[in-house]
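# Fold and geometry: a report
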Amino acid sequence: GAVVSQHPSWVICKSGTSVKIECRSLDFQATTMFWYRQFPKQSLMLMATSNEGSKATYEQGVEKDKFLINHASLTLSTLTVTSAHPEDSSFYICSARGGVSGTSADTQYFGPGTRLTVL
Amino acid sequence: GNSVTQMEGPVTLSEEAFLTINCTYTATGYPSLFWYVQYPGEGLQLLLKATKADDKGSNKGFEATYRKETTSFHLEKGSVQVSDSAVYFCALTVMRQNFVFGPGTRLSVLP
């Protein structure tokens, strides 16, 4: 149980285009999901907290107009990187907070990550 | 505020060696403590956790004990394998607030 998937697992795009990344909780409902960014050999940086049915809460320094987050259902959150540039290239990881269906409310369950490369 | 400190490594060990990765924390309130593991090119997997003082989390031969008096949650394994090579993150959460991660410790196990 407590499986989180991400799609795509990797994507290459041209500068100026937009890219959508999906995060799904496969066997439990998640009212809260999180989006992280990870640079090579570094720890995770929390970008935003995504709450089902409401606006995401962004961390300081994260551009909400550039990183659009939508949490339209209890099992799906999406991150859209708009007008991507090479500096947006990174490893993006989502997680879902448990609390239902046998999952723990104090635990985050992570997806496998999406590697974005912007040319 | 809440924070996690862990040895950054890299840590290089021979197969079957004993592993310790230190983790200490500061927290406002009573935290739950976690160890996550990240294999190359993958997301984070929950390795073990503990939610109250003196609890011992264990999984796949790894153990960590929640020590409130020393605010520590050191990760140990008696005999590492090459397949344990990964990055290990210590983390905490208080009252279901956002997770706070340590910087990660890269472990390389040589055959």
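All of these numbers come straight from a predicted model, not from anything done at the bench.

The rules behind each value
- Residues numbered from 1 in each chain as written.
- Chains lettered and ligands numbered in written order.
- Predicted model: local features only at pLDDT ≥ 70, side-chain atom pairs only at ≥ 80, totals over all residues.
- Heavy atoms only, no water.
- Helix = DSSP H or I, 4+ residues; strand = E, 2+ residues; numbered from the N terminus.
- Rg over C-alpha atoms; globule rule 2.2 N^0.38 Å.
- Buried < 20%, exposed > 50% of the residue type's maximum accessible area, 1.4 Å probe, protein only.
- Contact = heavy atoms within 4.5 Å.
- 1 Å grid on protein atoms, 1.4 Å probe; cavity = no way out; pocket = protein on both sides within 12 Å on 5 of 7 lines; lining within 4 Å.
- Points joined across faces, edges and corners; volume = space filled by probe spheres on them.
- Nonpolar A, V, L, I, M, F, W, Y, C, P; charged D, E, K, R; others polar.
- Pairing = 2+ DSSP bridges.
- pLDDT = per-residue confidence, 0-100.
- Buried area = accessible area lost by both parts, 1.4 Å probe.
- Salt bridge = Lys/Arg side-chain N within 4 Å of Asp/Glu carboxyl O.

To continue, consider the overall build of chain B. For chain B, the count of helices and strands is 0 helices and 12 strands. Starting at the N terminus and walking to the C terminus, you meet the elements of chain B as β-β-β-β-β-β-β-β-β-β-β-β. Relative to its length of 111 residues, chain B is compact, with a C-alpha radius of gyration of 13 Å against a globular reference of 13 Å. Along the longest, intermediate and shortest principal axes, the C-alpha atoms of chain B span 45 × 30 × 20 Å. Taking all 111 residues of chain B together, 43% fall into the buried category. Summarising the internal contacts of chain B: among those between residues at least 6 apart in sequence, 56% fall at separations of at least 24.

Let us look at the layout of surface pockets. Here the largest pocket defines a volume of roughly 440 Å³. Together, 25 residues line the largest pocket, and Gln38 and Lys41 of chain A together with Gln38, Val87 and Arg106 of chain B are the ones closest to its centre. Broken down by secondary-structure element, the contributors of at least two residues to the lining of the largest pocket are β10 (86–94) and β12 (105–110) of chain B. Considered class by class, the residues forming the lining of the largest pocket number 11 nonpolar, 9 polar and 5 charged.

Residues and elements named next belong to chain B. Of the two faces of β12, the one lined by Thr105, Leu107 and Val109 is fully buried and the one lined by Arg106, Ser108 and Leu110 carries no buried residue. Note: strand β2 (residues 11–14) against β12, 4 bridges, orientation parallel. By the bridge assignment for β12, serine 14 is matched with leucine 110. Sheet topology note: the β10/β12 ladder contains 3 bridges and is antiparallel. By the bridge assignment for β12, alanine 86 is matched with leucine 107.

In this section: the confidence of the model for chain A. Predicted confidence across chain A gives a mean pLDDT of 90, with 95% of residues reaching 70 or more. Mean pLDDT in chain A bottoms out at strand β10 (residues 108–110) of chain A, which sits at 89, and peaks at strand β2 (residues 10–13) of chain A, which reaches 96.

With 21 residues of chain B at the contact, the number on the chain A side is 22 residues. Carbon and sulfur atoms supply 52% of the area that chain B and chain A bury against each other, a total of about 1500 Å² over both sides. It is Leu44, Arg96 and Asn98 of chain B that lose the most area in chain B upon contact with chain A, and together they represent 30% of the buried surface on that side. Along the contact surface separating chain B from chain A lie 0 salt bridges.

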